[in-house]
Amino acid sequence: VATASAQSTGDMAERPWDTRRQTRARRILKRAWERPSDGFVDFFLPLRAGEELSVAGCVDIRVVRGQVQVWGACLQPSRAFQRIVAPAWGALPRLRGEASGTEACAAADEDTDVHEFLAQRSWPIVICARLVTRPSSVNIDVGESQETDLREALRAAFLLGEERPRLCAHRSWPSLIQNFLALRGNVTAEGSAWQPQVLLVVGAKNVGKSTCCRYFVNTLLSAVGEVFFLETDLGQPELTPPGLISLHRICAPLLNFSQAAQPDERNKCLVSLFVGGTTPAVHPILYARSVRAAVDAYVEVCQKHPGPSPPPPLVVNSHGWLTGLGLELVHAVLRAVRPQLVIRIGGTVVALEEDSAADDSGFTLKRKRSLLARCGPLTQGLLEASARAEEEAPSVLVDVESIAKSSSSTVRTRSVREPLAGELRWLRFAAYFRGDMDPCRPPMGSPLRSFFEPLPRTRLPLRRLRFGLVHGPLPTGEIEATFTGTIVALCSLRSISAAGVAHPCVSEDDREIGHHPDGTCPVVELGEDVVARCVALAFVHAFDTTCNELVVYVAGPPAALESVDSVLRGDIQWEPHSVRGQQVVVEHATSLGASPMQPFCSSWVLEGLAVGARAPTTRTNLKRRRLEGRPKVAA
């Protein structure tokens, strides 16, 4: 691996937000033109080259004239809107007017009044903004008071205080993209053998890997028109719920935060593999094997790429566990993807060559694993699971300082508390099942009956399903108790051959196998060469033994579930009514025993055997001194 340092060319892509930019934002909003459209109110905002606007909340944006850069993506004039979602606890994206080489005109299919408005003004850049979450009292047909509400909503979306943090790009990122694209151009010019163009981003937790990946994906998308994105971070993924390794074909820019990401028809998920946990430590071998299967799917797609131009590049995001076993798993990802460019954010956080050392803050880092420790059966299994038949290609390692750490040194305040990692995972699952949720709403539990009420219940025949656990064996008599009221993966198991070809583990003749003579369902175990191709995640409602069907809630069309042959459960625990196992939203109870957690559990049920007890709130009719607030009587 060749090592290089990040050298910048020119100024930073986005400088820190200051008072001058805040003043210009006020002037831009004063020149806004309101136009009713399709039950909404569109605001046409003028910009000059270099002027910026920060976005908060949920806003739809399209470019009418000129060119706008946001989060690395270059938006051109179009009638299609791009949705930007920025929750109150995150850094704000920034819209920046860009000077184009040729004068960009408005779209030819604009309405007549829009053309007349643009003809009367010489603004080089015009954007159209539509507020998705507008005040409920707004009526576009009434006058002054409603107009004031609209202006207030516009200022709330585009005129935030200077204390709010803004997204910034490191000054070396544009040059890294240019060098990566130059490497792609050299392959085309020389006519050499095809080689996947892969970019890998590594780093510790909370150093800005997700922001960096989105910037690279959007920038490459503007340059080549299509990008593949491989997600290997199980705990905080970008486009899928936790617990999955996914490969996406990106054709539209990524402008939403990960916990608020909604499915986009233009960005297609090619492969989704279930690993069973929010950390690869649950099943390290399955994790490495799934990463390799996703890379093989990318290689297969690239080999079918038509034309003389090289196939789209691949951007890979990694997890932030960089010590001990986590570092070995990062090496497994490196062996599987074979990147040409590795970007290490905050490079000093990896294991050191010495036996032990202390970082700048005084904390002792873990010792690097010795050669003897890396010869165990687990390490050898990782080598076999992630190895590929092709020869290893040289990689360039670039160390880049963390933008997240540099921005945290300045005084920045947020109007709301930033959610914890567990709460963000809860939001990802909630947004997956309920696409109609407000993506900017803080995490808040909801009763089961209220959360799943808009979703239809899907019934799957039990005769075509096998059940299993990712991390261990499953007794056949405990299937119903293990799966009811839990989140599971509806999978189609695939066996990976030595050549890297995936074959179904269950043949068509063996799919409809029926039940065992004792009425129990069949059990499946993940073998050494099996990966779980996830069709969809589901929440198990019940086992209908009368109709021999499994009743689940699925966020998707039932037709996509025809290939499901297995139902797997991992170590992922998610409940709509509880964000961190504590917060429960209690609605008005019609009876003494009503609980927001019904129909799967009640508030007086605890985990374990012989530890159940009714909650004190359900037995207030008992005469107790502590319930009446009287002190205890001394003996």
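Residues numbered from 1 in each chain as written. Predicted model: local features only at pLDDT ≥ 70, side-chain atom pairs only at ≥ 80, totals over all residues. Heavy atoms only, no water.

*Asks:* Pulling in residues and values, what's your account of the overall build of the chain?
*Replies:* Counting its secondary structure elements, the chain contains 13 helices and 24 strands. Put simply, the chain has 635 residues, and 49% of those count as buried. Look at the contacts in the chain between residues 6 or more apart in sequence, and 76% of them connect residues 24 or more apart. Approximately 30,700 Å² of the chain is accessible, and the part contributed by carbon and sulfur atoms is 51%. (Helix = DSSP H or I, 4+ residues; strand = E, 2+ residues; numbered from the N terminus. Buried < 20%, exposed > 50% of the residue type's maximum accessible area, 1.4 Å probe, protein only. Contact = heavy atoms within 4.5 Å. Areas by Shrake-Rupley, 256 points an atom, 1.4 Å probe, with all protein chains shown as cover.)

*Asks:* Before we move on, could you go through the sheet that holds strand E4 (residues 52-54) and cite the residues and values that matter?
*Replies:* A sheet is described by the order of its strands in space; here 4 strands give the open sequence E4-E9-E6-E7, paired in antiparallel fashion. At either margin of the open sheet sits one strand with a lone partner, and together these are E4 and strand E7 (73-75). Averaged over all neighbouring strand pairs, the angle between strand axes comes to 25°, with direction disregarded. Direction of pairing for strand E6 (residues 67-70) relative to E7: antiparallel, over a ladder of 3 bridges. The residue bridging Gln 69 from the neighbouring strand is Cys 74, located in E7. (Pairing = 2+ DSSP bridges. Axes fitted to C-alpha atoms, helices over the stretch in contact; angles between N-to-C directions.)

*Asks:* Would you mind going over the nonpolar core in detail, with residue names and values included?
*Replies:* Core analysis: the largest hydrophobic core is formed by 64 residues, its most contacted members being Trp 173, Phe 216, Leu 230 and Leu 247. Here this core takes 10 residues from helix H6 (residues 284-303), the largest share from any one element. Excluding residues that lie within four positions of it along the chain, Phe 216 makes contacts with Trp 173, Leu 176, Ile 177, Leu 199, Val 201 and Ile 343. Of all hydrophobic cores here, the second largest spans 37 residues; its members include Leu 29, Val 55, Val 59 and Ile 84. (Core = buried A, V, L, I, M, F, W, Y, C linked by side-chain atoms within 4.5 Å.)

*Asks:* Which residues make up the pattern of salt bridges, and what are the values?
*Replies:* The tally for this structure, following the rule as stated, stands at 18 salt bridges. Arg 214 is the salt-bridge partner of Glu 238, the closest N and O atoms lying 2.5 Å from each other. Remark: Arg 214 occurs in helix H5 (residues 209-224) and Glu 238 occurs in the loop between strand E12 (227-231) and strand E13 (244-250); sequence separation between them is 24 residues. Judged by its relative accessible area of 3%, Arg 214 falls in the buried class. Here the salt bridges share partners, and the residues they tie into one network are Arg 21, Glu 52 and Arg 94. (Salt bridge = Lys/Arg side-chain N within 4 Å of Asp/Glu carboxyl O.)

*Asks:* How would you sum up the confidence of the model for the chain? Please name residues and give values.
*Replies:* A residue-level look at the chain finds 71% of positions with pLDDT of 70 or above and a mean pLDDT of 76. Taken together, the stretch residues 349-365 has pLDDT below 50 and engages in 23 contacts with residues farther than four places along the chain or on a different chain. (pLDDT = per-residue confidence, 0-100.)

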